[in-house]
Amino acid sequence: MKVLVVGKGGREHALAWKLSLSPRAKKIFCAPGNPGTAAFATNVPIASDDIKGLVEFAKAEKIGLTVVGPEDALALGIVDAFKKEGLPIFGPSKLAATLESSKAFAKTVMHDANVPTADFKICDHPDQAKTWISTRRYPLVVKADGLAAGKGVIVCSTQEEALKAVERIMVKEEFGRTAGRQIVLEKRMVGQELSVLAIVSGRTIIPLEPCQDHKAIFDNDLGPNTGGMGAYCPAPLGTKEILDQVDTEVLVPTVHAMKRRRMPFHGILYAGIMVTGQGARVLEFNCRMGDPETQPLMMRLQTDLLDLLEAAVENRLDEFEGKISWDPRPAVCVVLAAKGYPGVVDKNHTITGLHEAAKLKDVQIFHGATRFDSRNIVTDGGRVLSVTALGDDMIAARAKAYEAVNLIKFSGMQYRTDIGLKALAPLPFPIKEITPEVVEEPVVEPEA
Ligand code: GLY
């Protein structure tokens, strides 16, 4: 089978690499791919938002399965366009992808389906937002409604910060006009983040192993949020109790709610969870694989990814229920980012040490923002590389990942040194009870 992976980041490199290991994958194409995918796949110069170009390419090449990485292609309706032409593609429709492309919609679905989440308010005018903020006595998170590459979420400690965040999102439109048209104001939850990604097809929901992302740019979760500075899998925070709660109170009701709204969900439902003292609460939904969660997930997945995703597309995912196998060893992924990220980044610096790092056993260097510049590979954006390693335990996986990191150099390289440390520390709080009764009543006012 010919397979097409849409996208050019570390996530897409990891997906394409895993798909290339399938004995049934005759040829892998990446659109547009990156220098990392060029090592084993054919990169085609079609951008992920060029839906028409991608459809034409898939038709001409008779692509047997297309796997979509980035959310913007899904929000633009790539799945609908492929399906219209009878081209097999894994992912949600444009309508179903609203669960990620509108945070206000996602909160409304959660509220209606009684999915545990934080107290919130949706606002479409800065004055409305400011009035609500002035009546709150707890720290808030201010979220741009639309897609903002993971950067439209501003975690605030004071009312002043929340008011500034409203100004940045709605008035200055720092994350774009569309993204800032509405905002979600949310009670800031205390706990640790957990990413639970599930493959969904029809009635079948198969959660993958739990991961933990590290969104803040600096160690100890300091500094502004990024798309993700590192991840590890499995995350011990995802205990059986928590995962059971996520399954029964989050994934199942959300998939049912989407079906009731005539927006049936297929693809990856990624629940961004805050594990609090009272159990799991949803921070957000994404409708695609996480970046960087995909990198450690693909290192550990032993089941043939092509078979698995094809079964999901063909509505026979139930064949894989209870049958997905994982390398028991943990995997740690450290993102190497460019100077300036998550703001304006410094580009075009030569990267050295890639070959040496890739020679290490149980290490994969997934490329993100890189490009060829004559004979060199140079930096080309914010999240440059995802250095990912397996180890017999978390300490060994961390040591291996950082051993590889130490071999790679480029000017201005920045990375976190604490990826995976939370897996080694006990939770700072006991998880007392996991019942829906403890969910606070969300503040939802009817739209005018
Ligand atoms: N790791 C965060 C995301 O993929 O959105």
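Our structure is the block above this text.
Rules of the game
Residues numbered from 1 in each chain as written. Predicted model: local features only at pLDDT ≥ 70, side-chain atom pairs only at ≥ 80, totals over all residues. Heavy atoms only, no water. Helix = DSSP H or I, 4+ residues; strand = E, 2+ residues; numbered from the N terminus. Contact = heavy atoms within 4.5 Å. 1 Å grid on protein atoms, 1.4 Å probe; cavity = no way out; pocket = protein on both sides within 12 Å on 5 of 7 lines; lining within 4 Å. Points joined across faces, edges and corners; volume = space filled by probe spheres on them. Nonpolar A, V, L, I, M, F, W, Y, C, P; charged D, E, K, R; others polar. Core = buried A, V, L, I, M, F, W, Y, C linked by side-chain atoms within 4.5 Å. Buried < 20%, exposed > 50% of the residue type's maximum accessible area, 1.4 Å probe, protein only. Pairing = 2+ DSSP bridges. Axes fitted to C-alpha atoms, helices over the stretch in contact; angles between N-to-C directions.

Caption draft 1: The arrangement of the environment of Met229 in detail. Locating Met229 in the fold gives a position in the loop between β14 (222-225) and β15 (230-233). In this structure the C-alpha to C-alpha distance between Met229 and Ile419, which are 190 residues apart in sequence, comes to 8.2 Å. Excluding residues that lie within four positions of it along the chain, Met229 makes contacts with Asp213, His214, Ala216, Ile217, Val334, Val335, Ala337, Tyr341, Gln414, Tyr415, Arg416 and Ile419.

Caption draft 2: Fine view of the layout of surface pockets. Of the voids in this model, the second largest pocket is the one considered here, and its volume is about 480 Å³. Lining the second largest pocket are 23 residues, with Leu354, His355, Ala358, His367 and Ile377 positioned closest to its centre. Taken together, the elements giving at least two residues each to the lining of the second largest pocket come down to α1 (10-20), α12 (354-358), β19 (363-367) and β21 (376-379). For the lining of the second largest pocket, the element with the highest residue contribution is β19, accounting for 5 residues. Here the residues of the lining of the second largest pocket are counted per class, giving 12 nonpolar, 9 polar and 2 charged.

Caption draft 3: Quick look at the nonpolar core. Of all hydrophobic cores here, the largest spans 58 residues; its most connected members are Leu99, Ile273, Phe285, Ile365 and Ile408. Counting residues per element, this core draws most heavily on helix α9 (residues 240-260), which supplies 7 residues. The residues contacting Leu99, other than those within four sequence positions of it, are Phe105, Ala106, Val109, Thr254, Met258, Phe265, Leu269, Phe285 and Cys287. In this structure, Ala16, Leu19, Ala311 and Phe320 belong to the second largest nonpolar core, which totals 40 residues.

Caption draft 4: A look at the sheet that holds strand β10 (residues 192-201). Across the sheet, 4 strands lie side by side as β11-β10-β16-β17; this open sheet has antiparallel pairing. Sheet topology places β11 (204-207) and β17 (279-286) at the edges, where each strand pairs with a single neighbour. Each strand axis lies, on average, 35° off the axis of its neighbour in the sheet, ignoring direction. In this sheet, β11 lies alongside β10 in antiparallel orientation, the contact comprising 4 bridges. Residue pairing in the sheet places Ala198 in a bridge with Pro207 of β11. Together, β10, β11, β16 (267-276) and β17 form the strand contacts of α9, whose direction differs from that of β17 by roughly 45°.

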